[in-house]
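Working through the structure, step by step
Spelled out, the chains give:
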Amino acid sequence: MDSPRENFDLSGPSHITTIDWKNVEHQRSIAASLVQGVYILERDRHEKREGSQALAPPWWEFFHFKLYRQLVDDSNSSIFGAIYEVDFTKQDHSISVHEMPHYVIAFRGTIRKGDAFQQDLQLDFQVIRNGLHQTSRFEIAIQAVRSLVATFGNSNIWLAGHSLGSSMALLAGKKMAKTGVFLEAFLFNPPFLSAPIERIKQKKVKHGIRFAGSVITAGLAFTVNAKQKNRSEDPFIALSAWVPCLFVNPADHICSEYVGYFEHRKKMEEIGAGGIERLATQHSIGDLVMRAIGKESEEALHLIPSANLTVNLTPSESFKKAHGIHQWWRTDLNLQSKLYRFR
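Residues numbered from 1 in each chain as written. Predicted model: local features only at pLDDT ≥ 70, side-chain atom pairs only at ≥ 80, totals over all residues. Heavy atoms only, no water.

You'll find the protein entered in an unreviewed UniProt entry as Fungal lipase-like domain containing protein, with Heracleum sosnowskyi given as the organism.

Quick look at the structure:
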């Protein structure tokens, strides 16, 4: 039986009848809907829903996009991403073409049912061990991004993803930013892999733990960097001009650490310990240990210099709802947004 959550007419943001591309609510809702479209594309494939039975098309057609290309995992033929192209024949001609995305590359997260689950779970493990960049699925994704940018330029291309898919979009965005290509990115519930410090209720205890962690990380980073004087420019600083949009829920332990990550950096600046935090925030202990023993290591995926962080403070009934994609187009959200720039 089809889930009502897969049906756009029952669960989608159909209240957006006139799109304002300068409206951040519209941007967020549409980006999330296009990610949901990828989820439903894979569900349609698995359930063999075709033609008029397919549930995926309304998730992009309602906002005047068309499906440009599906991104398919080469190990199990599951659909993990999609490239959408704006349909200019259906867009409001009073809107400047520069105000809207011409292409959106969207990635879904883990699907817990069907034949895609096992491969998705393996990708989740790669995110945990910071090995996503070594997977064939990411290679397909980054090649698609590079090809699209090479063909159409980067000024009107968005990246979007949810959960595992936000890790794919984040990694692709970082790779492109290091080459000077800064893509608009909408990352929903992006995983942040660390101890769940944000769940501690006492603010002084939480700050004390983070402060100690920063001092240890900064000290280790200083030592390792001193031994590797010939290292090229720090990639963290090179990324600072890229400002992805992050959407997190404090009740979702998978992504909630982003709240403390950025707030702590600001607090350290306020107490005069900004130098320590600027060094600490660029590194993970795992990365530093690998470098200390002479092994190359990819910087931790979740560490980013700058972001426009939006936190959903609306009470969540369960972890499932706190982590779900559907929350991001609700009209009754209590959202708090802050811009963090690396200095």
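1. With respect to the nonpolar core
Core analysis: the largest hydrophobic core is formed by 50 residues, its most contacted members being Ile105, Phe107, Leu159, Tyr258 and Phe262. Here this core takes eight residues from helix 6 (residues 164–177), the largest share from any one element. Aside from chain neighbours lying at most four places away, what touches Phe107 is Val35, Leu71, Phe80, Gly81, Ala141, Leu159, Ala160, Gly161, His162, Gly165, Met168 and Ala169. (Core = buried A, V, L, I, M, F, W, Y, C linked by side-chain atoms within 4.5 Å. Buried < 20%, exposed > 50% of the residue type's maximum accessible area, 1.4 Å probe, protein only. Helix = DSSP H or I, 4+ residues; strand = E, 2+ residues; numbered from the N terminus. Contact = heavy atoms within 4.5 Å.)

2. Re the layout of surface pockets
What the largest pocket holds in volume is close to 1,200 Å³. Lining the largest pocket are 33 residues; nearest its centre among them are Tyr39, Thr110, Arg112, His162 and His323. Tallied by class, residues from the lining of the largest pocket come to 13 nonpolar, eleven polar and nine charged. (1 Å grid on protein atoms, 1.4 Å probe; cavity = no way out; pocket = protein on both sides within 12 Å on 5 of 7 lines; lining within 4 Å. Points joined across faces, edges and corners; volume = space filled by probe spheres on them. Nonpolar A, V, L, I, M, F, W, Y, C, P; charged D, E, K, R; others polar.)

3. Things to note about the packing of aromatic side chains
This model, assessed by the stated rule, comprises 23 aromatic pairs. An angle of 80 degrees between the planes, with centres 5.9 Å apart, marks the rings of Phe8 and Phe63 as edge-to-face. On the criterion of sequence distance, the pair formed by Phe8 in helix 1 (residues 8–11) and Phe63 in the loop between helix 3 (58–61) and strand 1 (65–72) is long-range, its members being 55 residues apart. Judged by relative accessible area, which is 2%, Phe8 ranks as buried. Put simply, the rings of Trp21, Phe65, Trp158, Phe186, Phe188, Phe247 and Trp328 touch in pairs and so form one group of aromatic residues. (Phe/Tyr/Trp six-rings, centres within 6.5 Å; stacked < 30°, edge-to-face > 60°.)

4. Quick word on helix 5 (residues 136–152)
With 17 residues, helix 5 extends 24 Å between its outermost C-alpha atoms, agreeing within 8% with the 24 Å of an ideal straight helix rising 1.5 Å per residue. Here the buried face of helix 5 lies against strand 1, strand 2 (79–86), strand 3 (103–107), helix 4 (117–128), strand 4 (157–162) and helix 6. Two residues or fewer past helix 5, Gly153 is found with a positive phi of approximately 85 degrees. (Expected span 1.5 Å × (residues − 1).)

5. Notes on the pattern of salt bridges
All told, the structure shown has ten salt bridges when counted by the stated rule. The salt bridge partner of Glu42 is Arg45, with a shortest N-O separation of 2.7 Å. Within this pair, Glu42 and its partner Arg45 are both found in helix 2 (residues 24–47), separated by three residues, close to a single helical turn. Residue classification places Glu42 among the buried positions, given a relative accessible area of 2%. The shortest N-O distance in the salt bridge between Glu47 and Arg43 comes to 3.4 Å. Taken as a pair, Glu47 and Arg43 lie in helix 2 at a separation of four residues, close to a single helical turn. Sharing partners across several salt bridges, the network here consists of Glu6, Arg43, Asp44, Glu47 and Arg49. (Salt bridge = Lys/Arg side-chain N within 4 Å of Asp/Glu carboxyl O.)

6. Here's the deal with empty space enclosed by the protein
Counted by the stated rule, this structure contains two cavities of 30 Å³ or more. The calculated volume of the second largest cavity comes to roughly 30 Å³. Around the second largest cavity, the lining residues are Glu42, Arg43, His46, Ile111, Lys113, Gly114, Asp115 and Ala116.

7. With respect to the sheet that holds strand 8 (residues 335–340)
Read from one edge to the other, the open sheet built from eight strands follows the order 1-2-3-4-5-6-7-8, with strand pairing classed as mixed. Where the open sheet ends on each side, the last strands, each with one partner, are strand 1 and strand 8. Pairwise comparison of adjacent strand axes, ignoring direction, gives a mean angle of 15 degrees for this sheet. On top of the sheet, helix 2 reaches strand 1, strand 2, strand 3, strand 4, strand 5 (184–188), strand 6 (245–248) and strand 8; it is set at about 130 degrees to strand 2, its chief contact. Of the strands in this sheet, strand 2, strand 3, strand 4 and strand 5 touch helix 6, which is tilted by about 145 degrees from strand 4. (Pairing = 2+ DSSP bridges. Axes fitted to C-alpha atoms, helices over the stretch in contact; angles between N-to-C directions.)

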